[in-house]
Amino acid sequence: MRRTSRCAGRPVYIRSLATYVPPRLLTNADLEKLVDTTDEWILQRTGIRERHIVDPGVATSDLAKEAALEAIRRAGLTPDDIGVIVVGTVTPDMLFPSTACLVQHKIGAHRAWGFDISAACSAFTYALTAGSQLVAAGCHEHALVIGADVMSSIIDYKDRATCVLFGDGAGAVVVSAAAAGEPCLIDFEHEIDGGGGPALCMPAGGSLRPPSHETIDQGLHYVKQDGQAVFKFAVRKTEEIARRIMERNHISADDLDLFVSHQANRRIIMSASEKLGIDPSKVVINIERFGNTTAATIPLALNDAMNEGRLKKGDLVLLCSVGAGFTVGSVLLRWGI
Ligand code: UT7
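Just so it is clear, the structure is predicted and the values come from calculations on it, not from any experiment.

What follows is about the nonpolar core. By size, the foremost hydrophobic cluster in this structure holds 43 residues, and its most contacted members are V223, M246, L256, F259, I278, L318 and L332. Only helix 8 (227–248), helix 9 (266–276), strand 12 (316–323) and strand 13 (327–334) provide two or more residues apiece to this core. Looking at this core, the element that brings in the most residues is helix 8, giving 8 residues. Residues from two domains meet in this core; each of domain 1 (2–177) and domain 2 (185–334) gives at least three. Filtering out sequence-adjacent residues up to four positions away, M246 remains in contact with I251, S252, A253, L256, L276 and L318. Core analysis: the next-biggest nonpolar cluster, separate from the first, contains 36 residues, C7, I14, V260 and A305 among them.

Let us look at the sheet that holds strand 8 (residues 185–192). Strand order in this open sheet of 4 strands is 8-13-12-11, and the pairing throughout is mixed. Edge positions in the sheet fall to strand 8 and strand 11 (258–261), since each of these pairs with one other strand and no more. Each neighbouring strand pair of the sheet contributes to a mean axis angle of 10 degrees, computed without reference to strand direction. On the sheet, helix 5 (residues 123–136) packs against strand 8, strand 12 and strand 13 and is oriented at approximately 130 degrees with respect to strand 8.

The next subject is the side chain of H140. On the secondary structure map, H140 appears in the loop between helix 5 and strand 6 (142–150). Among the residues examined, H140 registers a relative accessible area of 17% and is labelled buried. With residues up to four places along the chain from it excluded, the contact list for H140 reads R10, G83, V84, W113, L134 and V135.

We now examine the sheet that holds strand 5 (residues 113–117). Spatially, 1-7-6-4-5 is the arrangement adopted by the 5 strands of the open sheet, whose pairing is mixed. Two strands bound the open sheet, and with one partner strand each, they are strand 1 (12–20) and strand 5. With strand direction ignored, the average angle separating the axes of adjacent strands in the sheet is 20 degrees. As paired elements, strand 1 and strand 7 (residues 168–177) share 8 bridges and run antiparallel to each other. Paired with Y13 across the strands is S176, a residue of strand 7.

Over its 15 residues, helix 3 (residues 60–74) runs 21 Å from end to end, which matches the ideal 21 Å to within 8%, given 1.5 Å per residue. Contacts from the buried residues of helix 3 go to strand 1, helix 4 (99–107), strand 6 and strand 7. G76 sits one or two residues past helix 3 and shows a positive phi near 75 degrees.

If a probe as big as a water molecule is rolled over the atoms, it shows which places are left empty. The space that makes up the largest pocket amounts to roughly 900 Å³. Of all elements in the fold, only strand 5, strand 9 (200–201) and helix 7 (213–217) reach the threshold of two or more residues within the lining of the largest pocket. Its residues placed into classes, the lining of the largest pocket shows 21 nonpolar, 12 polar and 2 charged. Split by domain, the residues of the lining of the largest pocket number at least three in each of domain 1 (2–177) and domain 2 (185–334). A volume near 680 Å³ is recorded for the second largest pocket. Taken together, 29 residues line the second largest pocket, and the ones lying closest to its centre are L165, Q225, G227, F231 and N265. For the lining of the second largest pocket, the element with the most residues is helix 8, which contributes 6 residues. Here the lining of the second largest pocket is composed, by residue class, of 12 nonpolar, 13 polar and 4 charged.

Turning to the state of the cysteines, a few remarks are in order. Counting across every chain of the model gives 0 disulfides. In this model C163 remains outside any disulfide bridge; the closest cysteine sulfur is found in C121, 17 Å from its own. C163 gets classed as buried once you look at its relative accessible area, which sits at 0%. The thiol of C320 is unpaired, and the distance to the nearest cysteine sulfur, on C121, comes to 14 Å.

Turning our eyes to something else, we now look at helix 11 (residues 297–307). An α-helix turns once per 3.6 residues; consequently, residues spaced three or four apart project the same way. With respect to burial, helix 11 is a largely interior element, 9 of its 11 residues being buried. Those residues of helix 11 not exposed but buried are T297, I298, P299, L300, A301, L302, N303, D304 and A305. Phi for G309, located one or two positions after helix 11, is positive at around 75 degrees.

Let us now look at the environment of D149. Here D149 lies in strand 6. As a C-alpha pair, D149 and G167 span 18 residues in sequence and 8.3 Å in three-dimensional space. Those residues in contact with D149 that lie beyond four places of it in its chain are T60, L63, T89, V90, T91, G167, D168, G169, T293, T294 and A295. Within polar-contact distance, the side chain of D149 engages the side chain of T91 at 2.6 Å.

Procedures and definitions
- Residues numbered from 1 in each chain as written.
- Predicted model: local features only at pLDDT ≥ 70, side-chain atom pairs only at ≥ 80, totals over all residues.
- Heavy atoms only, no water.
- Core = buried A, V, L, I, M, F, W, Y, C linked by side-chain atoms within 4.5 Å.
- Buried < 20%, exposed > 50% of the residue type's maximum accessible area, 1.4 Å probe, protein only.
- Helix = DSSP H or I, 4+ residues; strand = E, 2+ residues; numbered from the N terminus.
- Domains from an automatic or database assignment.
- Contact = heavy atoms within 4.5 Å.
- Pairing = 2+ DSSP bridges.
- Axes fitted to C-alpha atoms, helices over the stretch in contact; angles between N-to-C directions.
- Expected span 1.5 Å × (residues − 1).
- 1 Å grid on protein atoms, 1.4 Å probe; cavity = no way out; pocket = protein on both sides within 12 Å on 5 of 7 lines; lining within 4 Å.
- Points joined across faces, edges and corners; volume = space filled by probe spheres on them.
- Nonpolar A, V, L, I, M, F, W, Y, C, P; charged D, E, K, R; others polar.
- Disulfide = S-S within 2.5 Å.
- Polar contact = N/O pair within 3.5 Å; in protein donor to acceptor, adjacent residues only side chain to side chain.

If you want it as structure tokens, here you go:
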């Protein structure tokens, strides 16, 4: 007989959360000086006012390190307690070694192994699933799950269609075994649709088109996006994946305490949550201050919700994401902090 939840093994929970964004701000006014755009257009079409971006020489592992060390500290643990590090990112410091290896070294997690997950904007939901299931299976006591991206490293600041959208940031959680009867991760539901690849990608720099003068001249090392196609897919799939995981777990929109969707566009989140019948008071939107930080948006949103007192221990929370690939993700959980 099919079990209700896809989660296997012992119950696990998010034991701590921390985030980090670089101090430098890139405002809509700054972008008005770079490309033919306006604060009004950006705000109306996306909901973004400003985003944080790194200074030259600062990489994804640097942002991840800050969030990771704080998450470990808040968990009451030390880096040596971490068994596995899972980093979701689409902007690794380099193709290899993995960012997980770089983070492991930078934070001194001497007993951990780890790996990266490439799922673009769904990277946090996927990394959370991978890391938490390793703890649930009893392979490790504590997993460090990170979503981090330096999107400014792959953005063409001459392309107004993409440069206004993205920012840099990192979020980290420690996942540990939950005590009996305590809040825990409940279920996950993910899918991919490789047919959507061309709609959002970085065409060059990999094995298909290794970097060359030609690829650089054509700007193929930057993010390319068919915005409208991605927008429509994101609204449709956010609703679809949310319905599927709620139905499987016999819960309705009214049962949810908080809906935390990937922050790509305010209109996507509003539209999907309206279709789902989720009360706006339960929807977290903080894209205004961070833009789309890809793998980091969900932890950044959870962190803001906690700080604003909107997220408390025991709350029923639905995380949803849609990203390049296409990747689609959702995690249903009871908040344990
Ligand atoms: O996280 C990964 C997933 N990514 C997403 O979910 C992003 C999904 N897509 C979107 O959020 C939206 O499609 C965008 C924000 C990217 C674009 O918004 P839109 O309402 O779909 O605009 P559009 O692409 O249809 O463009 C409308 C007009 C065009 O001008 P014309 O052809 O009507 O004269 C664009 O050239 O807006 C123009 N435009 C801009 N104008 C001022 C595009 N970008 C800008 C800009 N400033 N930055």
